[in-house]
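# Examination of the molecular architecture
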Amino acid sequence: MIILRQLCTFLVGEHLFGLDIERVQEILLPPPLTRVPGAPPEVAGLLNLRGQIVPAIDLRRRLELPAGAAPSDAPHVVLRGDDGAVSLRVDAIGDILPLEDAALAPLPDNLRGALRTMLLGVHALPDRLLLVLSADAVVDGLAPAAATPSPSPSILALPQESR
């Protein structure tokens, strides 16, 4: 039995990434962001998503990719999770690709760094490689439950608007 998984694909720099479409809530054109003083560098800010305050993550920084000029109209991929929504700022949105689970290749042993901890594997497409991200790993450490008490300002310490 062939198991297909639909992946939402997007570009960050020259890299093509994919996330399980079941975790993607929606795609946003560049929403207005509010910077948060003292937030971790990968936190681009907060956005108001129809009354819900959502952290926006700069995926380039989260994946420790080389700094680059993000387009001014950089879209956001909003993920849904047990702890609420999280927005990922990416460079461009790709397609929705149905891919076989069995075709997901494991990561090479010599791939190291933060990126390795956030990847599930690689799909070989006809013209390039698709790096498949774990939505849980990408947002790991951003949930309020992972916050450590700190008197310093932090995105994790901010109260959220009620719906």
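Everything numeric in this text was worked out from a predicted model, so none of it was measured. (Residues numbered from 1 in each chain as written. Predicted model: local features only at pLDDT ≥ 70, side-chain atom pairs only at ≥ 80, totals over all residues. Heavy atoms only, no water.)

### Some words on the overall build of the protein
On a plain count of helices and strands, the protein comes out with three helices and 10 strands. Counting from the amino terminus, helix and strand elements in the protein follow one another as β-β-β-β-β-α-β-β-β-α-β-β-α. Burial status across the protein gives 42% buried among its 163 residues. Restricting to contacts in the protein with at least 6 residues of sequence separation, those with at least 24 account for 57%. Just so you have it, the protein exposes about 9500 Å², and 55% of that area is on carbon and sulfur atoms. (Helix = DSSP H or I, 4+ residues; strand = E, 2+ residues; numbered from the N terminus. Buried < 20%, exposed > 50% of the residue type's maximum accessible area, 1.4 Å probe, protein only. Contact = heavy atoms within 4.5 Å. Areas by Shrake-Rupley, 256 points an atom, 1.4 Å probe, with all protein chains shown as cover.)

### Let's talk about unusual backbone geometry
Look at R50: it is not a glycine, yet its phi comes out positive at around 50°. Relative to the elements of secondary structure, R50 occurs in the loop between β4 (43-49) and β5 (52-58). Judged by its relative accessible area of 65%, R50 falls in the exposed class.

### So, the side chain of E26
Relative to the elements of secondary structure, E26 occurs in strand β3 (residues 24-28). Taking the relative accessible area as the measure of exposure, E26 reaches 17% and is therefore buried. Of note is the side chain of E26, whose polar atom sits 2.6 Å from the side chain of R50. Not counting the four nearest positions on each side in its chain, E26 is found in contact with L49, R50, H76, V77 and V78. (Polar contact = N/O pair within 3.5 Å; in protein donor to acceptor, adjacent residues only side chain to side chain.)

### Let's talk about the pattern of salt bridges
Oppositely charged side chains can pair when the atoms bearing their charge come close. A complete count under the given rule lists seven salt bridges for this structure. For the salt bridge of D136 with R23, the shortest nitrogen-to-oxygen distance reads 2.7 Å. Within this pair, whereas D136 is found in helix α3 (residues 135-139), its partner R23 is found in the loop between β2 (15-20) and β3, the two being separated by 113 residues in sequence. For R23, a relative accessible area of 22% puts it in the partly exposed group. A salt bridge links D58 to R89; the nearest nitrogen and oxygen atoms lie 3.0 Å apart. Of the two residues, D58 is situated in strand β5 and R89 in strand β7 (residues 86-89); the sequence distance between them amounts to 31 residues. Residue classification places D58 among the buried positions, given a relative accessible area of 11%. Salt bridges sharing common partners tie together R5, D20 and D101. (Salt bridge = Lys/Arg side-chain N within 4 Å of Asp/Glu carboxyl O.)

### Focus on the confidence of the model for the protein
Across the protein, the average pLDDT comes to 85, with 86% of residues at or above 70. Per-residue pLDDT stays below 50 along residues 143-163; that stretch engages in 23 contacts with residues further than four places along the chain or on separate chains. (pLDDT = per-residue confidence, 0-100.)

### Notes on the environment of L120
By the element assignment, L120 lies in strand β9 (residues 119-124). Taking relative accessible area as the criterion, L120 reaches 51% and is therefore assigned exposed. A sequence separation of 17 residues divides L120 from A137, and the C-alpha atoms of the two residues are 9.4 Å apart.

### Focus on the sheet that holds β7
Spatial strand order, β3-β6-β7-β5-β4: five strands in an open sheet with mixed pairing. At either end of the open sheet lies a strand with only one pairing partner, and these are β3 and β4. Geometrically, the sheet is characterised by an average inter-axis angle of 25° between neighbouring strands, direction not taken into account. As paired strands, β4 and β5 are joined by six bridges and run antiparallel to one another. By the bridge assignment, L47 is partnered in β5 with V54. (Pairing = 2+ DSSP bridges. Axes fitted to C-alpha atoms, helices over the stretch in contact; angles between N-to-C directions.)

### Overview of the pairing of strand β10 (residues 129-133)
When you tally the buried positions in β10, you get four out of five residues, the bulk of the element. Where β9 meets β10, five bridges bridge the pair, whose relative direction is antiparallel. By the bridge assignment, A124 is partnered in β10 with L129.

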